[in-house]
Amino acid sequence: MVDWRLFEPLFEFARKRSLWIVAFCTGCGGIEMPPLMTSRYDLERFGMMPNPAPRMADLFLITGYVTPKTLKRIIITYEMQPDPKYVMAHGSCPLNGGIYWDAYNAIKHLDKYIPVDVYIAGCMPRPEAVMDGIKKIMEMIENGTADGWKRYKENYEYYKKNQDELFGEGWREKEARKWIPWLMDKRREE
Ligand code: SF4
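Residues numbered from 1 in each chain as written. Predicted model: local features only at pLDDT ≥ 70, side-chain atom pairs only at ≥ 80, totals over all residues. Heavy atoms only, no water.

Draft legend 1. Structural context of the site of the ligand. Every residue close to the ligand is listed here: Cys28, Gly64, Tyr65, Gly91, Ser92, Cys93, Ile99, Tyr100, Gly122, Cys123 and Met124. In terms of residue class, the shell around the ligand is made up of 7 nonpolar, 4 polar and no charged. (Near = heavy atom within 4 Å. Nonpolar A, V, L, I, M, F, W, Y, C, P; charged D, E, K, R; others polar.)

This is the structure we're talking about:
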C-alpha cells in the first residue's frame, strides 16, 4: 500500500505552480483582473490561469465589496470547488466593509461566511500588491498553512450559523426554487 503522504511536498509544489482562478469579479477590483493576466504583469508566468468553471479551479479571488445577494453565489461557488481550495480577497471592502462600513447591504467581514486565506488591503490595491498576495499564497501552499478549506469543514457549524442568520434557514432551497414560477411562466408562453 502506497503512503501518499510521502508525496505531499511534491503535490504542494505542483499545486502552487498551477493555480487556476475563479475570478469572481465583485466590486471595483474586477477592473484590475485583465491587467494582471495580460502582458504587463502577466500572472501566467506563475502557471496561473483564469477559469470560469469552479469545479476546475482552486483559487477563488474575491475582488471587492460583496452584497448579500452576491454572497449567496459566492458561498455556492466556493462549495462547488474541489479540495484543496484557497480564497484570496483583495480590497478593503471584504476585509472590514471599507468605505461601505455603514452600508445596509455590504458584507463587512467576508471570513464570517467563508474562510479567507489571504487578504490584500487597499482601495483598490495596485497589481503589484495583488502579485505580492499571490506570492504569499504560494508560500502558504508550500508550507501547508493555506488551510481555509480544512477550517471550513472543521468549523462548518460556525459558518452555516452565520450564513443562516443572514439569509434565513433553508436559503439554498429557496434560492433554487424562486426561479421555478418564472420558468413555468416562460414555458406557458412558448
Ligand atoms: S476596496 Fe475600494 S476599490 Fe475595492 S471594492 Fe471597495 S471601494 Fe471598490
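We are not done yet, so read on.
Draft legend 2. Region of interest: the sheet that holds strand β2 (residues 49–50). Across the sheet, 5 strands lie side by side as β2-β1-β3-β4-β5; this open sheet has parallel pairing. Lying at the two open borders of the sheet, with one neighbouring strand each, are β2 and β5 (118–120). Inspection of the sheet shows strand β1 (residues 20–24) paired to β2 by 2 bridges, in the parallel sense. Each bridged residue has a counterpart across the sheet, and for Trp20 the counterpart in β2 is Met49. Along the sheet, helix α3 (residues 68–80) contacts β1, β3 (59–62) and β4 (86–90); its crossing angle with β1, the most-contacted strand, is approximately 165°. (Pairing = 2+ DSSP bridges. Helix = DSSP H or I, 4+ residues; strand = E, 2+ residues; numbered from the N terminus. Contact = heavy atoms within 4.5 Å. Axes fitted to C-alpha atoms, helices over the stretch in contact; angles between N-to-C directions.)

Draft legend 3. Structural context of the packing of aromatic side chains. Tallying each qualifying case throughout the model produces 7 aromatic pairs. Here the aromatic rings of Tyr158 and Tyr159 are separated by 5.2 Å at their centres, their planes lie at 75°, and the arrangement is edge-to-face. On the basis of relative accessible area, Tyr158 is assigned to the partly exposed category, the value being 40%. Of note, Lys85 hangs over the ring of Tyr78, and the distance from its end group to the ring centre comes to 4.3 Å. (Phe/Tyr/Trp six-rings, centres within 6.5 Å; stacked < 30°, edge-to-face > 60°. Buried < 20%, exposed > 50% of the residue type's maximum accessible area, 1.4 Å probe, protein only. Lys NZ or Arg CZ within 6 Å of the ring centre and 35° of its normal.)

Draft legend 4. Inspection of the pattern of salt bridges at higher detail. Enumeration according to the criterion identifies 13 salt bridges in this entry. For Arg172, the salt bridge goes to Glu79, with nearest N and O atoms at 2.6 Å. In this pair, Arg172 is assigned in helix α8 (residues 171–177) and Glu79 in helix α3, connecting sequence segments 93 residues apart. Classification of Arg172 by relative accessible area gives partly exposed; the value is 22%. Take Glu79: its relative accessible area is 30%, and that puts it in the partly exposed class. Note that Lys153 and Asp83 form a salt bridge whose closest N and O atoms lie 2.6 Å from each other. Taken together, the positions of Lys153 in helix α6 (residues 148–154) and Asp83 in the loop between α3 and β4 put the pair 70 residues apart, joining distant regions of the chain. (Salt bridge = Lys/Arg side-chain N within 4 Å of Asp/Glu carboxyl O.)

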